[in-house]
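In case you want the letters, here they are:
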Amino acid sequence: MPSHDVPLTTPHPAGRDDDLRRALEDLRLNRWLSTKALLAATGSYWPLRTSRSQVLGHAAAKTRAIEAWCLEEPDNGDAQMMLGRVLTERALTAHRKGVDRRELMDAVLSARTANKAAAEWWPDDPVPYVNYLALAQTDTDRSKPHSPLHWVDRSDLLPSGPWGVLQWVRQRDPFNREAFHRMLGVLHARGQDGTPFAQWAASIAPQGSPLKVLTLHAYVQSFRRYQEGSGVIAFWSTSEKAHYARQALDEWFEQTHPAPDEPDWRSLLDLNYLAYALTATGEGGAAAVFEAIGSHVTTAPWALVTHKHEWWQDDFLKARRYALGIRSGR
């Protein structure tokens, strides 16, 4: 079967991380021992600890597994960190649902308290501070009671935001992927254009960093605003967008090919954003990215940029066939 005809599958939340997949399956049954073992094995490799705990926290927020772990082992720092993850996720869910302000503030306070305890247990761990950044998404209106920590002004052209909180993360993990995405989320939650921030992040990130893809995430949000407003004529047909698509290809994707006997740890979401941007800008080079994606198409960005939601998988298939066809000379 030709590679461009491979049936599509929705990626598992664990992606290609089989150990994380097993822990998630146990969590959904209110079992926490696999999560404990996984986090212990992950140790202080911060990128993996951050990404794994994010996925675990999202799943555990719908269970009582982490609370049970904390009751059973109140002195376990990984349990405290996961409680911070769970309570942060629940606070963000409450914010999205538009609960009344008192209920939201109670949820945010509970999350902050749990993250403070986790940070005290392991001061070098960036995860509690990533959670602080996530909670800043609930502080969207400077004209209402707000935290000054979330509205720090800058002397350059970058927007106001929780820059001090981001710096707390960077002191522990300078180019933490989730932290920069959370910062971008704060700006978008406030209705601001996150593109200048994302471009700045891409400019300071080292070769091989997934932050080289962050600008493409920001562009998709801008594209959505254009769709809702005056139209999308030639949105992607600019040298600036082509530049950042090429930069992500050359300075992230091409620098991070796994060895033949190693799993591909790259974010499937980032791979899909890159594939979309390369085809939308006409920059080229998307074929190898589509091959790295395989059948694992993510809903974003395809469902965010399609003219009709039900077409998004067809849009992915069309882009993939085009990219692979160009490389084969068809």
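Conventions and cut-offs
Residues numbered from 1 in each chain as written. Predicted model: local features only at pLDDT ≥ 70, side-chain atom pairs only at ≥ 80, totals over all residues. Heavy atoms only, no water. Helix = DSSP H or I, 4+ residues; strand = E, 2+ residues; numbered from the N terminus. Rg over C-alpha atoms; globule rule 2.2 N^0.38 Å. Buried < 20%, exposed > 50% of the residue type's maximum accessible area, 1.4 Å probe, protein only. Contact = heavy atoms within 4.5 Å. Polar contact = N/O pair within 3.5 Å; in protein donor to acceptor, adjacent residues only side chain to side chain. Phe/Tyr/Trp six-rings, centres within 6.5 Å; stacked < 30°, edge-to-face > 60°. Salt bridge = Lys/Arg side-chain N within 4 Å of Asp/Glu carboxyl O. Axes fitted to C-alpha atoms, helices over the stretch in contact; angles between N-to-C directions. Parallel < 35°, antiparallel > 145°, perpendicular 65-115°, else oblique. Left-handed = near helix turned anticlockwise from the far one by under 90°. Nonpolar A, V, L, I, M, F, W, Y, C, P; charged D, E, K, R; others polar. Core = buried A, V, L, I, M, F, W, Y, C linked by side-chain atoms within 4.5 Å. Lys, Arg positive; Asp, Glu negative; His and termini not counted.

### Here's the deal with the overall build of the protein
- Looking only at helices and strands, the protein features 16 helices and zero strands.
- The C-alpha radius of gyration of the protein comes to 20 Å, within 12% of the 20 Å expected for a compact globule of 330 residues.
- Its C-alpha atoms give the protein principal-axis dimensions of about 60 × 50 × 35 Å.
- Looking at the 330 residues of the protein, the share that counts as buried comes to 49%.

### Structural notes on the side chain of Ser209
- You can see Ser209 is positioned in the loop between α10 (195-204) and α11 (214-228).
- Apart from the residues within four sequence positions on either side, Ser209 is in contact with Phe175, Glu251 and Trp252.

### Notes on the environment of Arg320
- Here Arg320 lies in helix α16 (residues 312-328).
- A C-alpha to C-alpha distance of 8.1 Å links Arg320 and Ala286, two positions 34 residues apart in sequence.
- Within the structure, the side chain of Arg320 is placed 3.0 Å from the backbone oxygen of Gly294, a separation counted as a polar contact.

### Let's talk about the packing of aromatic side chains
- What the rule picks out here adds up to 21 aromatic pairs.
- Centroid distance Tyr129 to Tyr132: 5.7 Å. Interplanar angle 70°. Geometry classified as edge-to-face. Of the two residues, Tyr129 and Tyr132 both sit in helix α7 (residues 127-135), three residues apart, roughly one turn of that helix. You'll find Tyr129 and Tyr132 in the same group, each marked buried.
- Ring centres 5.2 Å apart and planes at 75° place the aromatic pair Phe235 and Trp236 in the edge-to-face group.
- Members of the aromatic cluster, each reached through a chain of ring pairs, are Tyr219, Phe223, Phe235, Trp236, Tyr244, Tyr276, Phe290, Trp302 and Phe316.

### A few points about the pattern of salt bridges
- Going through the model one piece at a time under the given rule, you end up with 20 salt bridges.
- Here Arg64 makes a salt bridge to Glu67, at a shortest N to O gap of 3.4 Å.
- Accessibility expressed as a relative area gives 14% for Glu67, which makes it buried.
- For the salt bridge of Arg96 with Glu89, the shortest nitrogen-to-oxygen distance reads 3.7 Å.
- According to the relative accessible area criterion, Glu89 is buried, its value standing at 12%.
- Where salt bridges share partners, they join Arg16, Asp264 and Arg266 into one cluster.

### Focus: the packing of α7 against helix α8 (residues 163-170)
- Remark: α7 packs on α8, axes separated minimally by 8 Å, with the N-to-C direction vectors making an angle of 160°. Taken as axis vectors, α7 and α8 run roughly antiparallel relative to one another. Of the two possible hands of crossing, α7 and α8 adopt the one that is left-handed. Taking contact as the criterion, the partners of Tyr129, Val130, Tyr132 and Leu133 in α7 are, on α8, Val165, Leu166, Trp168 and Val169.
- Of the residues that constitute the contact of α7 with α8, the class distribution is eight nonpolar, no polar and no charged.

### What to know about helix α4 (residues 65-72)
- Every buried residue belonging to α4 is among Ala65, Ile66, Glu67, Trp69 and Cys70, and all of these are buried.
- Considering only its buried residues, α4 is in contact with α1 (18-27), α2 (33-42), α3 (46-60) and α5 (77-97).

### Brief notes about the nonpolar core
- With 36 residues, the main nonpolar core has Leu216, Phe253, Leu271, Leu274, Val289, Phe290 and Trp302 as its most contacted residues.
- At the level of elements, α11, α12 (239-251), α13 (268-281), α14 (286-293), α15 (302-305) and α16 are the ones that each hand at least two residues to this core.
- Among the elements that take part in this core, α13 stands out by supplying eight residues, more than any other.
- What Phe253 contacts, discounting residues up to four positions off in sequence, is Ala248, Arg266, Leu271, Leu274, Ala288, Val289 and Ala292.
- Core analysis: the second largest hydrophobic core is formed by 32 residues, Ala14, Ala65, Val108 and Ala118 among them.

### Quick word on the side chain of Arg190
- Considering the arrangement of structural elements, one finds Arg190 in the loop between α9 (177-189) and α10.
- Among buried charged residues, Arg190 stands out as having no salt bridge; its nearest opposite-charge side chain is Asp139, 5.0 Å away.
- Ignoring anything within four residues of it in the chain, the contact list for Arg190 reads Ala136, Asp139, Thr140, His150, Trp151, Ser160, Gly161 and Pro162.

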